[in-house]
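What the coordinates show
Here is what each chain is made of, one letter per residue.
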Amino acid sequence: GTDQDYVQSAKWFKEAAAWGDSVAMYRLASMYYEGHGVKKDKPEAYYWAVLAEALEPVDETHAMRTGIGGELSEQQRKSVEKKAQNWRPKTMPI
């Protein structure tokens, strides 16, 4: 098989997430958590997991959010959650 291009995947997932794609958000959370294609960054992973769960509140997104959140300090969680509350998807110009 071919090697996965995580850097390219992260780029496209970021673009899709910016438009409100919850699956892309979930994948980005995983990539930031594992450090695949992006620098390992647990607060950033938590950010995307929070957004994914807000848009798609299913067992998988809940488990990811709570799992990653459990590895952060309360201050880190609160900071990320505040940032996530201000997120808005991209929109097409009219």
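Residues numbered from 1 in each chain as written. Predicted model: local features only at pLDDT ≥ 70, side-chain atom pairs only at ≥ 80, totals over all residues. Heavy atoms only, no water.

So, on to the packing of aromatic side chains. In this structure the tally under the stated criterion is one aromatic pair. For the pair Tyr 47 and Trp 48, a centre-to-centre distance of 5.0 Å together with 75 degrees between the ring planes defines the contact as edge-to-face. With relative accessibility at 7%, the residue Tyr 47 sits in the buried group. Positioned above the aromatic ring of Tyr 47, the side-chain terminus of Lys 83 is 4.2 Å from the ring centre. (Phe/Tyr/Trp six-rings, centres within 6.5 Å; stacked < 30°, edge-to-face > 60°. Buried < 20%, exposed > 50% of the residue type's maximum accessible area, 1.4 Å probe, protein only. Lys NZ or Arg CZ within 6 Å of the ring centre and 35° of its normal.)

Met 25, Tyr 47, Trp 48 and Leu 51 are the most contacted members of the largest nonpolar core, which totals 23 residues. Of all the elements in the fold, those that place two or more residues in this core are helix H1 (6–18), helix H2 (22–34), helix H3 (42–55), helix H4 (59–69) and helix H5 (74–85). Looking at this core, the element that brings in the most residues is H3, giving eight residues. Residues within four places of Tyr 47 in sequence aside, it is in contact with Val 80, Lys 83, Ala 84 and Trp 87. (Core = buried A, V, L, I, M, F, W, Y, C linked by side-chain atoms within 4.5 Å. Helix = DSSP H or I, 4+ residues; strand = E, 2+ residues; numbered from the N terminus. Contact = heavy atoms within 4.5 Å.)

This part takes up the environment of Tyr 33. Looking at the secondary structure, you find Tyr 33 in helix H2. Take Tyr 33: its relative accessible area is 23%, and that puts it in the partly exposed class. Taking the C-alpha atoms as reference points, Tyr 33 and Tyr 46, 13 residues apart in sequence, are found 8.1 Å from one another. Setting aside residues up to four positions removed in sequence, Tyr 33 forms contacts with Lys 40, Lys 42, Ala 45, Ile 68 and Glu 71. In this structure the side chain of Tyr 33 is engaged in a polar contact, spanning 2.5 Å, whose partner is the side chain of Glu 71. (Polar contact = N/O pair within 3.5 Å; in protein donor to acceptor, adjacent residues only side chain to side chain.)

We now examine the packing of H2 against H3. Contact geometry of H2 with H3 gives a least axis separation of 8 Å together with a crossing angle of 160 degrees. Viewed along their axes, H2 and H3 adopt a mutual orientation that is roughly antiparallel. In this structure, H2 crosses over H3, and the sense of that crossing is left-handed. Touching Ser 22, Met 25, Tyr 26, Leu 28, Ala 29, Tyr 32 and Tyr 33 of H2 are Lys 42, Glu 44, Ala 45, Trp 48, Ala 49, Leu 51, Ala 52 and Leu 55, all from H3. For the contact of H2 with H3, the per-class residue count stands at 12 nonpolar, one polar and two charged. (Axes fitted to C-alpha atoms, helices over the stretch in contact; angles between N-to-C directions. Parallel < 35°, antiparallel > 145°, perpendicular 65-115°, else oblique. Left-handed = near helix turned anticlockwise from the far one by under 90°. Nonpolar A, V, L, I, M, F, W, Y, C, P; charged D, E, K, R; others polar.)

Mapped onto the elements, Ala 45 comes out in helix H3. Once you skip the residues sitting within four places of it in the chain, Ala 45 turns out to touch Ala 29, Tyr 32, Tyr 33 and Ile 68.

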